[in-house]
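The primary structure of each chain is shown beneath.
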Amino acid sequence: MNQKMDKLPTTAVFLFAAIGSAVGLGNIWRFPYLVGKYGGAEFLIPYFLLLVVVGVPLLILELALGQRLHRGPVSVFKSIMPPLGGIGVAASLAGCLIAIYYAVVVAWSLMMLFSSFGSGWQVDPASFFFREVLHSSSSPNHFYLISTLLLFALVICWICVYLFLWRGVRNSSVLVAVIMPIPFLLLFIILLNGLSYPGAWEGIVYYLKPSVETLYDAEVWVAAMTQVFFSLSLGLGIMITFGNYELTHKEVVRCACLVALADGLVALLSGLVVFVTIGHMASSGGLSIEDLAASGPTLSFIVFAKALSLLPGAPFFAFIFFLILFVLGLNGLASLVEAVALAVREHFPSISKATISLYVCIFCCLGGLIYTTGAGLYFLDTVDHFVTTFSLLTVGLAQALVVGWLPRALEFQKWVHSISQWKVGRLWLWSIKYISPAILTILLAFSFYHESKHLYASYPLWVVFTFGWGAVALTYLGWGLYAIYATENRRNVTELFYPD
Ligand code: PHE
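Below is a short write-up of the structure. (Residues numbered from 1 in each chain as written. Predicted model: local features only at pLDDT ≥ 70, side-chain atom pairs only at ≥ 80, totals over all residues. Heavy atoms only, no water.)

### Re the overall build of the chain
Secondary structure assignment for the chain yields 24 helices and zero strands. A compact globule built from 500 residues would reach a C-alpha radius of gyration of about 23 Å, and the chain, at 22 Å, matches this within 12%. With respect to the three principal axes, the spread of C-alpha positions in the chain is 65 × 50 × 45 Å. Residues counted as buried form 61% of the 500 residues belonging to the chain. The contacts of the chain with a sequence gap of at least 6 include a subset with a gap of at least 24, amounting to 86%. For the chain, the accessible area works out to roughly 19,100 Å², and carbon and sulfur atoms hold 69% of it. When the 24 positive and 23 negative side-chain charges of the chain are each reduced to one mean point, those points stand 12 Å apart. (Helix = DSSP H or I, 4+ residues; strand = E, 2+ residues; numbered from the N terminus. Rg over C-alpha atoms; globule rule 2.2 N^0.38 Å. Buried < 20%, exposed > 50% of the residue type's maximum accessible area, 1.4 Å probe, protein only. Contact = heavy atoms within 4.5 Å. Areas by Shrake-Rupley, 256 points an atom, 1.4 Å probe, with all protein chains shown as cover. Lys, Arg positive; Asp, Glu negative; His and termini not counted. Charge placed at Lys NZ, Arg CZ, Asp CG, Glu CD.)

Quick look at the structure:
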C-alpha cells in the first residue's frame, strides 16, 4: 500500500474512514425505497438479522484480509491461490458497474442542491423531480433524449470525486469525521418537525409494526441481503482496501461492529423520516401509504424534498441536506474508485495511482451517459437489482467459502482474535463457514429461479437482458477469464496467509 495509508495515525481515523465509506446514499436513498417496496416493517427484521448474522462477520473477514495480507482485492485472493484472484476481479467489475450508476444518484443530489433556493421543488416535489431532474420518459423504450443538466451535474460529480481522491483519502476521512454528526442532527430536526403533522403516526406504524407473514417471502430476504452488502460496502473490495490501513491498534472486530452499528442507525433514522412524511402525504393527499411507499428509486428524493418543504426556512435546510447527501455520496464513490484503482494498479504498477484513478473516473463518467437519458431511471433500477443480487452475493459467498474452508482457517481466526480487543470466538468462524454460505446459497438459488421465471419489474425483455443479466454476466466472465489466465501460476496458499 502507499505510504499515506501506512502513516494513518489512530484507530479513530480508520474508524471514521470506514464509517464514512459505509454510510452514504445506501442509507438515505436505497434503504428507505427498499423498505417501501417490500412492505415496510417486514423488511426491517430480515435486514437487521442479516446485518448481524452475515454482514458483520463478512465485514470482519474483509477488513482482516486486508490487514493480514496488505494487498488489494485481486491480489488478496490471488495470493491465497492464483485462480481465486477472479473473486477480486468480479468484485472490482461489480464496483465499476455500481460506481457508474451511484454517481448518477449523486448527480441527482447535486441538481436538488442547485434547485434548493428555488420554489419549484416545494410546490410539487414529485413532478419537480421527474420533470426537472430526471426528464424521465414514460417507458424504458424511449431513451433517445439526454438531460443535459443531469449530464452536466454528472461530470461535475466525477471531477469532484477525482479531486477527492487526488487530495488523499486521509483528508476525506477527516472531513467525514467532522461532518458525520451533521446528517444525524439534520435527520432528527426533520423527524421532529414531521411528527407534528397529521398522518405521521400511521407512517410510523407502517414502518415499525412487524407482521410475520412476509417473513416467509424469500424475495424480501434477498432484497435485505443486497442492502446489507450495499450499505456495508461488502463484496466490492472496498473494505479489503480499507483493511490495508496500518492501525496502531488493530481492532478489526470492534471497528466492524461499530461500522455496522452506525450504518444501521443512520438507515433506521432516515427510514423513519421517510415514513413519517409518507404518512402525512397519504393523509393529506388521499393516497394509501402502500402506493406512495412503492414508488421505487425516486422515493427518497421526493419524500425528503416534501419533508424539507414542511420546515420553516425550507430552502436553507434543503441546501444543507442535499449538500450532505452530495458529500456522503462523493465519499462513498471515492472509496469505490479507490478500490477499483488499487485492483488495476496491482497489475500495472508502473502507472501512477493518480493516472489510474483518472482513467477510472473518465470511464465511469462515460458509462453514466446512459443513465442521463429519459429511460435512465429504468436502466439504473435494473442494473442495481441484478448486480447487487447476483454479483455481490456471489462474491460474498466465495469469500466466505475461501476463508471458512481453507485448511488452516482456524489459525486465521486465531489471528483475528489475537489482534482484536473484542474477541470473536467461534461465532465468527461458524458464520463464515456454515451460516453465511448456507444463507447466501439459498438466496442465490432462489433468485436465479425467481428471475428466470419473472421479468423484473415488468420491464421489456431487452432491458432485463442487457442491463440485468448482461451486467451480471460481465462480472462472472471477468472472474472466469482471470481464473483461467491465472491457473498456471499456482502457489502455496498457507505460506502467504500465515507468514509469521
Ligand atoms: N456503502 C456506501 C453506501 O451505502 C457506499 C457504497 C459505495 C456502496 C459504492 C456501494 C457502492 O452508500
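Moving on from the model shown.
### Brief notes about the environment of glutamate 251
Along the chain, glutamate 251 turns up in the loop between helix H14 (238-243) and helix H15 (252-285). For the pair glutamate 251 and leucine 308, spaced 57 residues apart in the sequence, the C-alpha separation amounts to 39 Å.

### Digging into helix H5 (residues 73-80)
The buried count for H5 comes to seven of eight residues, which makes it a mostly enclosed element. Looking at H5, one finds that the buried residues are Pro73, Val74, Ser75, Val76, Phe77, Ser79 and Ile80.

### Observations regarding the site of the ligand
Inspection of the region around the ligand gives 14 residues, with Gly26, Tyr102, Phe230, Ser231 and Ser233 positioned closest. The separation between a nitrogen atom of the ligand and a polar main-chain atom of alanine 22 is 3.0 Å. Here an oxygen atom of the ligand sits 2.6 Å away from a polar atom, N or O, in the side chain of tyrosine 102. Considered on its own, the ligand offers 310 Å² of accessible surface; in the complex 100% of this is hidden by protein. Cavity membership is defined here by more than half of the atoms lying within 2 Å of grid points; on that basis the ligand lies in the largest cavity. Counting residues per element, the ones that place at least two in the shell around the ligand are helix H2 (11-22), helix H3 (25-37), helix H6 (85-115), helix H13 (218-231) and helix H18 (314-345). Top element by residues in the shell around the ligand is H3. It accounts for three residues. A breakdown of the residues in the shell around the ligand according to their chemical character gives seven nonpolar, seven polar and no charged. (Near = heavy atom within 4 Å. Polar contact = N/O pair within 3.5 Å; in protein donor to acceptor, adjacent residues only side chain to side chain. 1 Å grid on protein atoms, 1.4 Å probe; cavity = no way out; pocket = protein on both sides within 12 Å on 5 of 7 lines; lining within 4 Å. Sits in = over half its atoms within 2 Å of the grid points. Nonpolar A, V, L, I, M, F, W, Y, C, P; charged D, E, K, R; others polar.)

Remember that the coordinates give geometry; whether it matters functionally is a separate question.
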